[in-house]
Amino acid sequence: MNLFKNSLLIILSMLLMVACKDESFMLNEDQDHHVKPYNLMYSDIINAREYSHIQSNMPTISSGGIPCFYEIVSARGENGPLDESYMQYVSVENPKVDTMWINIPEDSQEAMNGDTVYAKVVIDPNGAGTISIANGNNFGIGDYSFTIKATSYKDGDSLQTVFDDVFNLNVAPLLPGPKALSYCPTTENLIIGTGKYTSEAVLGNGNPDVRYELASHQDKLVIDSETGAIGLADGYTVSESEEIQPAISVISNISEEGVTYLETITVIISNEPVIIEPARDCFFYPSMEATNVVFGYKRIVVDYAGIKKNQIWTQEAPSDAAAGERLDEAPSTLQSVATSTINQWGSCNAHESWVVMNSQNLTQYSYGYCWNLKAVFWIKNSSVEYLPDGTTPADLEIYVSSDYDENVANSFYNATWTQVNHDVICKIDGSNDTFMGTPYPGDQEGVDPDGRKDPIKNADDKWVKCEMDLDPYKSADKFSIAFRLKTYFTGVIKPKNNEGCSGKFAISDVYYLAEELIEN
């Protein structure tokens, strides 16, 4: 706190004293008037949510028209002062200080004395004094108060006032989010006369001190208030199977606030057991029919290197090898995308480009044990001929990211990308064998400096089905897969001179699938 105060005083003093002519903060300010700040006022915050982002209003203060700078002196809760484990999440916004250099008229006395510009200190007070508490903080249920220091600066002097307990904060229980309640499995069979209950409810977030109540079908069902397990109401019978989706309320035992959920579980009531197929959700299956995020992906070209734009990840017919097992959810306008690194003269150019799939929120499948997540895609290389040393001139590298957002400028370049070729399970079209890791491009013949050639994994000019387990990424709310075509030579190579060929690569039928797991 002292370092902040001293640094700020030095900076402001220097700025105010170097100004040649204009030292005012505001046009209507009294140049000789400097008062201690007083009457600092915040609006109290009631029912903020524990451990979540909290932000105060911009306070009002009396300071003679001079913007004030703020410092959080201390804070306390119901059990006394708060330590750094709390305060590390707390910040207060201050005015923005800048210097504007203004041209001096040529006919002025200052200009005759050799001055051409003068400095005007500009202070933007917008938002000053706003207190923010970052998400993931340690502020649990209870009441808190903050002591704030306000300081005004003028002509190198400062006046300050400490306002004890000026900002008051009440934190209430964190209510579960809109998709926090789930049951595993999502569909259960309750048989008349067995006394069976469903599985217990799974609450993905929110304060756990809650109870469960039925908000519909109370004449047919009962619910355990502590576990959320659902059973049949006494005396309820059916003549034929009945399928219902009860509304369930989750109510805080602390604040008595509640959230009601619809369609979280399907209950089949019957006299005899009913066979239930596990649920499946293909939640991402882009058409890739054009190069646009509207169709599920973005193209990033890092190095054109003489390859024409109409050769880079252009649309072709979807994989014929995938046709036999293509899901019903596949778009009717489905296309594959392909890049040829062979130019019009038959040579191959060094090249790098990416196909980046739109990010997806996987957290909705992270609660309980219900869902197994996987990504599926088909890839193909053709016309790849090895470099003179036996290595591949190009490959399709596969990456994942948990912080890419296609809607944010430059997000691709700022995101963290991790290569996962070795984590993919592959099967070459026409073979029943699966193996870990994408196959080495080319026909697998000749010397093998990279140690990756395998005649059993010869996928030259063949589609390869790839599957990747997404369970490790269930906590990611911005998960993306990207495909990077990368050549491993510089300049140009000529196949006719036996210098190798980086060939052509294609991608088809990219989709993400959630499959329900049923415990026996």
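Further up the page is the structure itself.
Here goes a summary of the coordinates provided.

Conventions and cut-offs
- Residues numbered from 1 in each chain as written.
- Predicted model: local features only at pLDDT ≥ 70, side-chain atom pairs only at ≥ 80, totals over all residues.
- Heavy atoms only, no water.
- 1 Å grid on protein atoms, 1.4 Å probe; cavity = no way out; pocket = protein on both sides within 12 Å on 5 of 7 lines; lining within 4 Å.
- Points joined across faces, edges and corners; volume = space filled by probe spheres on them.
- Helix = DSSP H or I, 4+ residues; strand = E, 2+ residues; numbered from the N terminus.
- Nonpolar A, V, L, I, M, F, W, Y, C, P; charged D, E, K, R; others polar.
- Pairing = 2+ DSSP bridges.
- Core = buried A, V, L, I, M, F, W, Y, C linked by side-chain atoms within 4.5 Å.
- Buried < 20%, exposed > 50% of the residue type's maximum accessible area, 1.4 Å probe, protein only.
- Contact = heavy atoms within 4.5 Å.

Scanning the entire structure with this criterion turns up 3 cavities of 30 Å³ or more. Taken as a whole, the largest cavity holds about 100 Å³ of empty space. Residue lining of the largest cavity: Ile379, Lys380, Asn381, Asp395, Leu396, Thr438, Pro439, Pro441, Ala459, Lys462, Val464 and Phe505, and that is the complete set. Listed by contribution, the elements that provide at least two residues to the lining of the largest cavity are β29 (371-382) and β30 (394-401). The element that contributes the greatest number of residues to the lining of the largest cavity is β29, accounting for 3 residues. For the lining of the largest cavity, a count of residues per class yields 7 nonpolar, 2 polar and 3 charged.

Strands sit in the order β3-β10-β7 across an open sheet of 3 strands; the sheet is antiparallel. Each edge of the open sheet is held by one strand with a lone partner, namely β3 (54-55) and β7 (90-92). For β3 and strand β10 (residues 131-133), the ladder comprises 2 bridges, and the chain directions are antiparallel. Within β10, the position partnered with glutamine 55 by the bridge is serine 132.

Note that soluble globular proteins tend to have their nonpolar side chains buried in a common cluster. Ranked by internal contacts, the top residues of the largest apolar core, which has 46 residues, are Ile481 and Phe483. Phenylalanine 483 has contacts with Ser353, Trp354, Val355, Met357, Phe377, Ile379, Leu396, Glu397, Ile398, Ile507 and Val510, leaving out every residue within four places of it along the chain. Counting 26 residues, the second-largest nonpolar core is a separate cluster that includes Met87, Val92, Ile131 and Leu169.

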